[in-house]
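Okay, here's what each chain looks like letter by letter:
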Amino acid sequence: MSVETYRHYIDGAWTDPASGQWFDTINPYTDEPWAKIAQGNNQDVDKAVAAAKSAYDTVWSVMHPTQRGKLLVKLAELIERDAAHLGEVEVRDNGKLIAEMGAQTKYMAEWYRYYGGLADKIEGSVIPSDKPGVFNFTRYEPLGVVGMITPWNSPLLLLAWKLPAALAAGNTVVVKPSEFTSASTLEFMKLIEEAGFPNGVVNVVTGYGLDTGAPLVEHVDVAKIAFTGSDMSGQKIYEAAARQIKPVSLELGGKSPNIVFEDADIDAAVMGAISGIFAATGQTCIAGSRLLLQRSIHDAFVAKLIEVAKAAKIGDPMSTETHVGPVTTPPQYQKILDYIDIAKQDGATCILGGKPYTGPEAKGSQFVEPTIFVDVNNKMRIAQEEVFGPILAVIPFDTEEDAIAIGNDVDFGLAAGVWTSDIGRALRMSEKLKVGTVWVNTYRAVSYTSPFGGYKRSGIGRESGAEAIKQFMQVKSVWIAQETSVTNPFILR
Ligand code: NAD
């Protein structure tokens, strides 16, 4: 198989790395390198930020928002046209299922269309000032150059949650994708080019977190960092940004409770539990990795869950028949196996899986069987720490109050599922759970129309929905005296 080469995309040009070095990107299903990626450093970052700053000053921030919106809508059309290709590149790079990625890349176009439409609808307001003879109004302005850092699990979708909002607001952008999955973001730049975005408006520098991500965060001409990734990296980025009083938005990890009450539609809840933890091989920030079951239904529910999980087809992510694909990266694979050992040592009982999958479809070496632990108490590490793999911790509860207490007793607060037929309970639970998203009788639903983000250690800020565009803007208050008056200059007016 021929190996492709992906250069940085800086100022509208495919650019070799200053270091002259490249690294491989690996197909996690075959374990084979399939492309070479430019290994960036601070020189590449400087170049990209300079291009973005120049494009901001001379073209993008002064372009009428209607024109910016039209480019985003055009880009949405190109995404729809090439969705199948983009989906295939993602699968080759991160091993997620084509059944999911094909639909996901197509749906991603909606974020570009939505913010394209919103671009010219951001209005300031006239303030009813209490000061006589003063006209006071507000205007929303872009921030400047925004740095975006993305993880490996859904590079293009997670970029879509940031990029169109930032561009519609008038910012220019430098993207640093994950070193494990850079290819799809660079493929996507071909569409940015074709849509006709001016040079320098969107740039991509690839490389490792410390060599490329950190210089982007620390660059004095970068006005904001929008980050998606682990809480540990998010913390480091927050600390580095704080040294320059630089705003950040952080979309971090989770340990989401999926809570099933005895009055729920049990078959639907079983499917919701499966979708919460085994979809995407558990490699999603919103994984419902803690399944809280009301004690009266615990045993029957677990029996049904095992039946469905056992039937999951493990194998080639490019096959539409496959349900569970490989783990994306070698360190992540090792981390999942380590957590299986930790759970066992802490006293949890493994009732399904618990080991690498080595069947004939496991071409590469990175498959883990769908795994279910019972006898888990919420203090165990398997209930407190994000694994990011197909490992489910089942925890019993007695009352609604217990469910809320256990559900909230973690550092994270990204999402929660609630399964019940009682509308009053659904409303009470959605109020009491300290998470950014609550799904009632469904799980793993996201949309360009609805804000997404974390409480507590799951992050800062929101993406998607109309309000999210303001996270890439700042508001200015303008005061105009309608008549000059001589007042005492030594006191506050
Ligand atoms: P990661 O934190 O290891 O890496 C994410 C990105 O940050 C990569 O591009 C990496 O190169 C870069 N990076 C790492 N250290 C850096 C530093 N010091 N300075 C600047 N950049 C740095 O995360 P990952 O393993 O790629 O992704 C998995 C994590 O992402 C999980 O914790 C998951 O929950 C989280 N995630 C969150 C969301 C969300 O929307 N909340 C969505 C998807 C994934």
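Residues numbered from 1 in each chain as written. Predicted model: local features only at pLDDT ≥ 70, side-chain atom pairs only at ≥ 80, totals over all residues. Heavy atoms only, no water.

### Considerations on the overall build of the chain
Right, so step 1: Broken down by element type, the chain carries 15 helices and 23 strands.
Right, so step 2: Scaling as 2.2 N^0.38, a compact globule of 493 residues should have a C-alpha radius of gyration of about 23 Å, and the chain matches this with 24 Å.
Right, so step 3: Over its C-alpha atoms, taken along the principal directions, the chain stretches across nearly 80 × 60 × 40 Å.
Right, so step 4: Expressed as a percentage of its 493 residues, the buried residues of the chain come to 55%.
Right, so step 5: For the chain, the computed accessible surface area is about 20200 Å², with 54% contributed by carbon and sulfur atoms.
Right, so step 6: Here the chain contributes 45 positively and 58 negatively charged side chains, and the mean placements of these two sets differ by 4 Å. (Helix = DSSP H or I, 4+ residues; strand = E, 2+ residues; numbered from the N terminus. Rg over C-alpha atoms; globule rule 2.2 N^0.38 Å. Buried < 20%, exposed > 50% of the residue type's maximum accessible area, 1.4 Å probe, protein only. Areas by Shrake-Rupley, 256 points an atom, 1.4 Å probe, with all protein chains shown as cover. Lys, Arg positive; Asp, Glu negative; His and termini not counted. Charge placed at Lys NZ, Arg CZ, Asp CG, Glu CD.)

### Description of the packing of aromatic side chains
Right, so step 1: For the coordinates displayed, the defined rule picks out 18 aromatic pairs.
Right, so step 2: Each ring, one from Y114 and one from Y115, has its centre 5.0 Å from the other, and the planes form 90 degrees; the classification is edge-to-face.
Right, so step 3: Residue classification places Y115 among the buried residues on the basis of a relative accessible area of 0%.
Right, so step 4: Between F261 and F397, the aromatic rings sit 5.2 Å apart at their centres with planes inclined by 75 degrees, giving edge-to-face as the arrangement. Here the residue F261 occupies a position in the loop between β13 (257-260) and α10 (266-277), and F397 occupies one in strand β17 (residues 391-397), the gap between them amounting to 136 residues.
Right, so step 5: Taking relative accessible area as the criterion, F261 reaches 0% and is therefore assigned buried.
Right, so step 6: Among the aromatic residues, ring-to-ring pairing joins Y107, W111, Y114, Y115, W161, Y448 and F452 into one connected group.
Right, so step 7: Cation over ring: R92 sits above W34, and NZ or CZ is 4.8 Å from the ring centre.
Right, so step 8: The side chain of K224 reaches across the aromatic face of F472, ending 4.8 Å from its centre. (Phe/Tyr/Trp six-rings, centres within 6.5 Å; stacked < 30°, edge-to-face > 60°. Lys NZ or Arg CZ within 6 Å of the ring centre and 35° of its normal.)

### Description of the packing of helix α3 (residues 98-107) against helix α4 (residues 109-118)
Right, so step 1: Interaxial distance between α3 and α4 falls to 4 Å at its minimum, and their mutual angle equals 10 degrees. If you check the angle between α3 and α4, you find them roughly parallel. Between α3, through T105, K106 and Y107, and α4, the contact on the second element is made entirely by A109, E110 and W111.
Right, so step 2: Each residue belonging to the contact of α3 with α4 can be placed in one class, and the counts come to three nonpolar, one polar and two charged. (Axes fitted to C-alpha atoms, helices over the stretch in contact; angles between N-to-C directions. Parallel < 35°, antiparallel > 145°, perpendicular 65-115°, else oblique. Contact = heavy atoms within 4.5 Å. Nonpolar A, V, L, I, M, F, W, Y, C, P; charged D, E, K, R; others polar.)

### Let's talk about a nonpolar patch on the surface
Right, so step 1: A surface patch of nonpolar side chains, about 260 Å² in accessible area, is lined by V126, F135 and I480.
Right, so step 2: One can find F135 in strand β7 (residues 134-142). (Patch = residues over 30% accessible without salt bridge, like charges linked within 9 Å, V, L, I, M, F, W, Y side chains within 5 Å. Salt bridge = Lys/Arg side-chain N within 4 Å of Asp/Glu carboxyl O.)

### A closer look at unusual backbone geometry
Right, so step 1: For N441, which is not a glycine, the phi torsion comes out positive at approximately 60 degrees.
Right, so step 2: Along the chain, N441 falls in the loop between β20 (437-440) and β21 (455-456).
Right, so step 3: In this structure, S464 takes a positive phi of about 75 degrees despite not being glycine.
Right, so step 4: On the secondary structure map, S464 appears in the loop between β22 (459-460) and β23 (473-481).

### Quick notes on the side chain of S184
Right, so step 1: Secondary-structure assignment places S184 in helix α7 (residues 183-195).
Right, so step 2: The class for S184 is buried, based on a relative accessible area of 1%.
Right, so step 3: Within the structure, S184 has its side chain in polar contact with the side chain of E90 (distance 2.6 Å).
Right, so step 4: Sequence-distant contacts of S184, defined by excluding residues within four places in its chain, comprise L86, V89, E90, D93, P155 and L156. (Polar contact = N/O pair within 3.5 Å; in protein donor to acceptor, adjacent residues only side chain to side chain.)

### Observations concerning the domain arrangement of the chain
Right, so step 1: By domain assignment, the chain separates into domain 1 (4-252 + 458-477) and domain 2 (257-440).
Right, so step 2: The C-alpha-based centres of domain 1 and domain 2 are spaced at 31 Å.
Right, so step 3: Listed by partner, the interface residues are 21 residues for domain 1 and 31 residues for domain 2.
Right, so step 4: The junction of domain 1 with domain 2 conceals about 2200 Å² of combined surface from both sides, 65% of it contributed by carbon and sulfur atoms.
Right, so step 5: For the pair domain 1 and domain 2, the number of links is zero salt bridges.
Right, so step 6: Between domain 1 and domain 2 we count six residue pairs in polar contact (both at pLDDT 80 or more) in total.
Right, so step 7: Taken together, the elements giving at least two residues each to the side of domain 1 that touches domain 2 come down to α2 (65-94) and α3.
Right, so step 8: In terms of residue count, α2 provides more of the side of domain 1 that touches domain 2 than any other element does, four residues in total. (Domains from an automatic or database assignment. Buried area = accessible area lost by both parts, 1.4 Å probe.)

### Brief notes about the nonpolar core
Right, so step 1: Grouped together as the largest cluster of nonpolar side chains are 85 residues, with contacts concentrated most on Y112, L163, F188, F197 and F301.
Right, so step 2: At eight residues, the largest contribution of residues to this core is made by α2.
Right, so step 3: Each of domain 1 (4-252 + 458-477) and domain 2 (257-440) accounts for three or more of the residues forming this core.
Right, so step 4: Among all residues touching F197, those that are not within four sequence positions of it are W60, L71, L72, L75, L167 and I192.
Right, so step 5: One finds I340, I382, A416 and L433 within the second-largest nonpolar core, a separate group that totals 31 residues. (Core = buried A, V, L, I, M, F, W, Y, C linked by side-chain atoms within 4.5 Å.)

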